[in-house]
Amino acid sequence: LSGKNVLDGIVDTGFDPHHPDLLDASGNTRAAWVIDFSKSPRGVHPELEEEYGCTAEGAQCAIYTGADVDQLLASGPPLAPRDPYGHGTHVTSLAVGDGSFNDPPSYVGPAPEATLIVARVTRSDGGAIYDAGILTATRFVFDRAEELGLPVVVNLSLGSDFGAHDGSSALERGLAGFVGPTHPGRVLVVAAGNSGGVYQGIAAGYPEPLGIHTEVHVPRESSVRVPLLSPPT
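Residues numbered from 1 in each chain as written. Predicted model: local features only at pLDDT ≥ 70, side-chain atom pairs only at ≥ 80, totals over all residues. Heavy atoms only, no water.

Caption draft 1: Structural context of the overall build of the protein. Scanning the protein for helices and strands turns up 5 helices and 6 strands. Helices and strands appear in the protein in the N-to-C order β-β-α-β-α-α-β-α-β-α-β. Per-residue burial for the protein yields a buried fraction of 36% across its 233 residues. Sequence separation of at least 24 residues holds for 63% of the intrachain contacts in the protein that already meet a minimum separation of 6. When the 13 positive and 28 negative side-chain charges of the protein are each reduced to one mean point, those points stand 2 Å apart. (Helix = DSSP H or I, 4+ residues; strand = E, 2+ residues; numbered from the N terminus. Buried < 20%, exposed > 50% of the residue type's maximum accessible area, 1.4 Å probe, protein only. Contact = heavy atoms within 4.5 Å. Lys, Arg positive; Asp, Glu negative; His and termini not counted. Charge placed at Lys NZ, Arg CZ, Asp CG, Glu CD.)

So, in C-alpha cells, the structure goes:
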C-alpha cells in the first residue's frame, strides 16, 4: 500500500528532480527512467532514442536513466530534466511525495515508496503537447515497467475540451490499447478535463453548475451511488 515495488508513471510537464519529496533516503532520484520531449537526443541511449522517435526528422526527445539524472544533478542542475511549469511536480508529489520537504514529514502522498518513470510531454515550442507525444510517452512507461517486471500506474493529469470524450478518438483508443485483461499489472488514470462547471439547467434536484468534475465521500465499509448527468444531444 506504500507503493514499494510499484512504478508510478507521470506523463505531464516533467518533474523537479532535486525536490526532497522525490528523492530516496540516500539523496538519489526516485526516477528509474525519464523521457523529455523538450530536449534534443543525448546519444547516451541511442537504441531507445531511435525506438521512441527521438531522432526522427521534425521530432526530438531525450532519455535518461535514474543514474543519468543523479550524475547531471551533481554536475550542474541546469543540465538535468526540469519542470518549468510546475504542474508535473505538483502531480508527482500528490501521488508519491514522502513529505521530506518538511520536518517532521508532512503532506505525504499515498505511495511514498513508489519508483517513478517520468515523461515530460511539453515541447520546447511554447509548451505544446501533442497526442502523439502522449501516446509515445505512455508506451515508454509501460515498456520500461515490463522490462523491470513491476506493476505500474500511469497518471495522465492532462485534459482537453476537444474531441468526443466517449472513447472514440484516436488518442482514447490508443490509450485504451495499453491496458485491459491482456495487460495485467497496468493501470491508467486519465483526467476528465478542467471544465468543472459548464452546464446548467439540464436536471432538476441536483446542485449546479454541472460539469466534468465531481467529488464524493465514500466512508469505509460502505458504498455510494454517484449520478452521472450529461446534457441532451
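Caption draft 2: A look at the pattern of salt bridges. As enumerated under the stated definition, the model contains 5 salt bridges in all. When the shortest N-O distance is used, the salt bridge between Glu 146 and Arg 186 registers 3.5 Å. One end of the pair, Glu 146, is in helix H4 (residues 131–148); the other, Arg 186, is in strand S6 (residues 186–190), and 40 residues separate them in sequence. Assessed through its relative accessible area of 19%, Arg 186 is described here as buried. (Salt bridge = Lys/Arg side-chain N within 4 Å of Asp/Glu carboxyl O.)

Caption draft 3: Representation of H4. With 18 residues, H4 extends 26 Å from end C-alpha to end C-alpha; this agrees with the ideal 26 Å at 1.5 Å per step. Among all positions of H4, only Gly 133, Ile 134, Thr 136, Ala 137, Thr 138, Phe 140, Val 141, Phe 142, Arg 144 and Ala 145 are buried. In the segment just after H4, Gly 149 is the residue with positive phi, at about 70 degrees. (Expected span 1.5 Å × (residues − 1).)

Caption draft 4: Just the pairing of strand S3 (residues 62–65), in detail. Side chains Ala 62 and Tyr 64 project from S3 onto one buried face, and the interleaved Ile 63 and Thr 65 project onto a second face that is buried too. Where strand S2 (residues 31–36) lies against S3, 4 bridges are found, and the strand directions are antiparallel. Paired with Asp 36 across the strands is Ala 62, a residue of S3. (Pairing = 2+ DSSP bridges.)

Caption draft 5: Spotlight on the sheet that holds strand S1 (residues 7–12). Read across the open sheet, the 6 strands follow the order S3-S2-S4-S1-S5-S6; overall the sheet is mixed. A single partner strand is all that each edge strand has here, and the edge strands are S3 and S6. For this sheet, the mean inter-axis angle between neighbouring strands, taken without regard to orientation, is 10 degrees. Direction of pairing for S2 relative to strand S4 (residues 115–120): parallel, over a ladder of 5 bridges. Of the residues in S4, the one forming a bridge with Ala 31 is Leu 116. Set on the sheet, helix H2 (residues 66–75) makes contact with S2 and S3; between it and S3 the angle comes to about 95 degrees. Contacts between helix H3 (residues 87–96) and the sheet are confined to S1, S4 and strand S5 (152–156), with S1 contributing the most and set at about 160 degrees to the helix. (Axes fitted to C-alpha atoms, helices over the stretch in contact; angles between N-to-C directions.)

Caption draft 6: Spatial organisation of the state of the cysteines. Applying the stated criterion across every chain yields a total of 1 disulfide. Between the sulfur atoms of Cys 54 and its disulfide partner Cys 61 the distance amounts to 1.7 Å. Judged by the sign of its S-S torsion, about -90 degrees, the bond between Cys 54 and Cys 61 is left-handed. Take Cys 54: its relative accessible area is 1%, and that puts it in the buried class. You can call Cys 61 buried: its relative accessible area is 1%. (Disulfide = S-S within 2.5 Å.)

Caption draft 7: Broad picture of the nonpolar core. Residues Val 11, Ile 35, Ile 63, Phe 140 and Val 152 are the most contacted members of the largest nonpolar core, which totals 26 residues. Contributions of two or more residues to this core are made by S1, S2, S4, H4, S5 and helix H5 (170–176). Residue contacts for Phe 140: discarding those within four places in its chain leaves Trp 33, Val 34, Ile 35, Tyr 52, Ile 63 and Ile 117. Formed by 17 residues, the second largest nonpolar core is a distinct cluster that contains Ala 62, Val 69, Leu 72 and Ala 114. (Core = buried A, V, L, I, M, F, W, Y, C linked by side-chain atoms within 4.5 Å.)

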